[in-house]
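# Chains, contacts and geometry: an overview
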Amino acid sequence: QVHLEESGGGLVQAGGSLRLSCAASGRTSSSYAMGWFRKAPGKEREFVCRIIRDTGITDYADSVKGRFTISRDVAKNTVYLQMNSLNTEDTAIYYCAVQPRYGGSFDTWGQGTQVTVSS
């Protein structure tokens, strides 16, 4: 079983940057990919990005392409989300998640970290 813990959220002005971290513990070697999702007030949870553990291949939602970067440190079992050029529409709770196998669903979630972007 994998346990995830996010950190790094906070309050930032529009145009600013934040870096989120997600530390994984447990059976992380069996994970195919890790990703970030977010849920804004009144909206459904949405996919932000993911990174494949072994290859480092990434993919992003169109809304964050060119602004957000996901990376990983395999030795530390940690995934990062660098968020630049933040705008108020990025305000949400950000969740880290694990996709255990190719084509499968993300089935393990962290508790989330709040990101608030002020205008």
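See the structure printed just above.
We now turn to the structure provided with this report. (Residues numbered from 1 in each chain as written. Predicted model: local features only at pLDDT ≥ 70, side-chain atom pairs only at ≥ 80, totals over all residues. Heavy atoms only, no water.)

### Structural notes on the overall build of the chain
Under the convention used in this document: Put simply, DSSP H or I for four residues or longer makes a helix, DSSP E for two residues or longer makes a strand, and each gets a number counted from the N terminus. For this measure, only C-alpha atoms enter the radius of gyration; the expected value for a globule follows 2.2 Å times N^0.38, where N is the number of residues. Under the scheme applied here, a residue whose accessible area is under 20% of the maximum for its type counts as buried, over 50% as exposed, and between as partly exposed, the area being computed with a 1.4 Å probe on protein chains only. Computed with the Shrake-Rupley method and a 1.4 Å probe, the accessible areas treat only the protein chains shown as cover for residues. Here the positive residues are Lys and Arg and the negative ones are Asp and Glu; neither His nor the chain ends is included. Charge placement uses NZ in Lys and CZ in Arg. For Asp and Glu, CG and CD serve respectively.
Scanning the chain from terminus to terminus reveals 0 helices and 11 strands. The secondary structure elements of the chain, listed N-terminal to C-terminal, are β-β-β-β-β-β-β-β-β-β-β. What you see for the chain is a C-alpha radius of gyration of 13 Å, in line with the 14 Å of a compact globule of 119 residues. Seen along its three principal axes, the alpha-carbon backbone of the chain occupies a region of about 40 × 25 × 25 Å. A buried classification covers 45% of the 119 residues belonging to the chain. Surface summary for the chain: the accessible area is close to 6,400 Å², and the carbon and sulfur share equals 46%. The distance from the centre of the 13 positive side-chain charges to the centre of the 11 negative ones in the chain is 3 Å.

### Comments concerning the environment of Cys-49
To be explicit about the condition: Any two residues whose heavy atoms approach within 4.5 Å at even a single point are treated as in contact.
Residue placement: Cys-49 occurs in strand 5 (residues 46-52). In this structure, the C-alpha to C-alpha distance between Cys-49 and Phe-68, residues 19 residues apart in sequence, is 8.5 Å. Apart from residues lying up to four places away in sequence, Cys-49 is in contact with Gly-35, Trp-36, Asp-59, Tyr-60, Ile-70 and Leu-81.

### Regarding the sheet that holds strand 3 (residues 18-26)
Keep this limit in mind: Whether two strands pair comes down to DSSP finding at least two bridges between them. Convention adopted: a line fitted to C-alpha atoms gives each axis, helices being fitted over their contacting stretch, and angles between N-to-C directions are expressed from 0 to 180 degrees.
The 4 strands are arranged 1-3-8-7 in an open sheet whose pairing can be described as antiparallel. The sheet is open, and its two edges are formed by strand 1 (2-7) and strand 7 (68-73), each paired on a single side. Going across the sheet, the axis of each strand differs from the next one's by a mean of 15°, ignoring polarity. Summarising the sheet, strand 1 and strand 3 pair through 6 bridges and their orientation is antiparallel. Note on strand 3: the bridge partner recorded for Val-2 is Gly-26.

### What to know about the state of the cysteines
Convention followed: The disulfide definition used here is simple: a pair of cysteine sulfur atoms within 2.5 Å.
Under the defined criterion, the tally for this structure stands at 1 disulfide. Among the cysteines around Cys-49, which has no disulfide bond, Cys-96 carries the closest sulfur, lying 9.6 Å off. According to the relative accessible area criterion, Cys-49 is buried, its value standing at 0%.

### Thoughts on the packing of aromatic side chains
Condition: Think of it this way: a Phe, Tyr or Trp ring, Trp meaning its six-membered ring, pairs with another when their centres are within 6.5 Å, and the plane angle makes it stacked under 30 degrees, edge-to-face over 60, tilted otherwise.
Applying the stated criterion across every chain yields a total of 4 aromatic pairs. With a centroid separation of 5.0 Å and 75° between ring planes, the pair formed by Phe-37 and Phe-106 is classed as edge-to-face. Here the residue Phe-37 occupies a position in strand 4 (residues 33-39), and Phe-106 occupies one in the loop between strand 9 (92-99) and strand 10 (108-109), the gap between them amounting to 69 residues. Just as Phe-37 is buried, Phe-106 falls in that class too. Geometrically, the ring pair formed by Phe-37 and Trp-109 is edge-to-face, given 4.9 Å between the ring centres and 65° between the ring planes.

### Things to note about the pattern of salt bridges
Let me state the cut-off plainly: One speaks of a salt bridge when a side-chain nitrogen belonging to Lys or Arg is within 4 Å of a carboxyl oxygen belonging to Asp or Glu.
Using the criterion set out here, one finds 6 salt bridges in the structure. The closest approach of N and O atoms between Arg-38 and Asp-90, which form a salt bridge, is 2.9 Å. Taken together, the residues span a long stretch of sequence, with Arg-38 in strand 4 and Asp-90 in the loop between strand 8 (78-83) and strand 9 at a distance of 52 residues. For the pair Arg-38 and Asp-90, one class covers both residues: buried. Salt bridges sharing partners connect three or more residues here, namely Arg-38, Glu-46, Arg-67 and Asp-90.

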